[in-house]
Amino acid sequence: MSRAQLSQVRSRARREALLAAAIELFAEGGARAVTHRAVAARAGLPPATTTYYFASIDELVREALATHLAGWIEVLEALADIDLDPSIDLASTSDFVQSVFATRSPEKAGTELAIYLAAARDPELTATAAEALQALEDLALRTLERLGIAGAHDLAPQVVALIAGSALRRQSAQYDDAEEARLLTLAIRHLVTSHVSATGTESRS
């Protein structure tokens, strides 16, 4: 690797470290916690580093949010390509939902909600926020179609709405994860059953 290439790699690594630090601070204290000095300190870099890479703190926050959402979209798109057993019974998915909750604490879910809302409110990130939501709906759509549910295109956004509602409710710790998983699974099952009944179709679930 040439000296110029090595310099580019180091520069890219520093920039990525700043973006990661900005997201960590945002998660801990919101946009007010993201300052030039705090971001540089969290990234382990000199105080003036942020101003070298970003014209303003707003630009830094905006790019950090956009980068985080882009990573989220990649994960959702990858999940949509995973094969699903079409014989799965929606009534027996509570344990699976609970296992997902185990890897996504209420705090982490709350951070994701805050990041999404901040991006959605920024005119320059609205399209990216919409793309992230669409990726989640596409994942729901692919899952429903693999379960043999007809007319899933209209159903997928409703399932996502239930998931978002569950994420909001977890912030209050009203129920433990086992009960929240049961309630979410039950709500989705009722929604799917109602949809199948209304459309006169049958599913394999």
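The sections below set out a description of the structure shown in this document.

Remarks on the overall build of the protein chain
Then step 1. Within the protein chain, the secondary structure is distributed over nine helices and zero strands.
Then step 2. Starting at the N terminus, the α and β elements of the protein chain follow one another as α-α-α-α-α-α-α-α-α.
Then step 3. Principal-axis analysis of the C-alpha atoms gives the protein chain an extent of 65 × 40 × 30 Å.
Then step 4. For the protein chain, restricting intrachain contacts to residue pairs at least 6 apart in sequence, the fraction spanning at least 24 positions comes to 67%.
Then step 5. Considering the protein chain, the positive charge centre built from 19 side chains and the negative charge centre built from 27 side chains are found 9 Å apart.

Details of the environment of Glu180
Then step 1. By secondary structure assignment, the location of Glu180 is in helix 9 (residues 177-199).
Then step 2. Residue Glu180 is classed as buried on the basis of its relative accessible area, which comes to 1%.
Then step 3. For the pair Glu180 and Leu60, spaced 120 residues apart in sequence, the C-alpha to C-alpha distance is 36 Å.
Then step 4. Sequence-distant contacts of Glu180, that is, excluding residues within four places in its chain, are made with Phe101, Ser166, Arg169, Arg170 and Tyr175.

A short note on a negative patch on the surface
Then step 1. Among the surface-exposed residues, Glu74, Glu77, Glu131 and Asp138 lie close enough to one another that they form a single negatively charged patch.
Then step 2. When contributions to the negative patch are tallied by element, the ones reaching two or more residues are helix 4 (57-80) and helix 7 (126-146).
Then step 3. Structurally, Glu131 can be placed in helix 7.
Then step 4. By relative accessible area, Glu131 is classed as partly exposed at 44%.

Quick word on unusual backbone geometry
Then step 1. Its identity is not glycine, yet Ala173 carries a phi of approximately 55°, on the positive side.
Then step 2. Mapping Ala173 onto the fold places it in the loop between helix 8 (152-170) and helix 9.
Then step 3. By relative accessible area, Ala173 is classed as exposed at 58%.

Section: helix 5 (residues 94-103)
Then step 1. Regarding helix 5, the residues found buried are Ser94, Val97 and Phe101. Projected down its long axis, helix 5 carries its buried residues within an arc of 65°, all on one side. Set apart from the buried face of helix 5 by more than 90 degrees, the exposed residues are Asp95, Phe96, Ala102 and Thr103.
Then step 2. Structurally, helix 5 contributes buried residues whose contacts are with helix 8 and helix 9.

Let's talk about the packing of helix 6 (residues 106-121) against helix 7
Then step 1. At their nearest, the axes of helix 6 and helix 7 sit 6 Å apart, and the two run at 135° to each other. The orientation of helix 6 with respect to helix 7, classified from their angle, is oblique. For helix 6 against helix 7, the interelement crossing comes out left-handed. Side by side, helix 6 and helix 7 meet where Tyr116, Ala119 and Ala120 of the first sit next to Thr126, Ala129 and Leu133 of the second.

Structural notes on the environment of Ala20
Then step 1. Position of Ala20 relative to the elements: it lies in helix 1 (residues 3-29).
Then step 2. Overall, Ala20 belongs to the partly exposed group, its relative accessible area being 38%.

Basis of the calculations
- Residues numbered from 1 in each chain as written.
- Predicted model: local features only at pLDDT ≥ 70, side-chain atom pairs only at ≥ 80, totals over all residues.
- Heavy atoms only, no water.
- Helix = DSSP H or I, 4+ residues; strand = E, 2+ residues; numbered from the N terminus.
- Contact = heavy atoms within 4.5 Å.
- Lys, Arg positive; Asp, Glu negative; His and termini not counted.
- Charge placed at Lys NZ, Arg CZ, Asp CG, Glu CD.
- Buried < 20%, exposed > 50% of the residue type's maximum accessible area, 1.4 Å probe, protein only.
- Patch = residues over 30% accessible without salt bridge, like charges linked within 9 Å, V, L, I, M, F, W, Y side chains within 5 Å.
- Areas by Shrake-Rupley, 256 points an atom, 1.4 Å probe, with all protein chains shown as cover.
- Salt bridge = Lys/Arg side-chain N within 4 Å of Asp/Glu carboxyl O.
- Arc of directions from axis to C-beta.
- Axes fitted to C-alpha atoms, helices over the stretch in contact; angles between N-to-C directions.
- Parallel < 35°, antiparallel > 145°, perpendicular 65-115°, else oblique.
- Left-handed = near helix turned anticlockwise from the far one by under 90°.

All quantities given are derived from atomic positions and should not be read as evidence of function.
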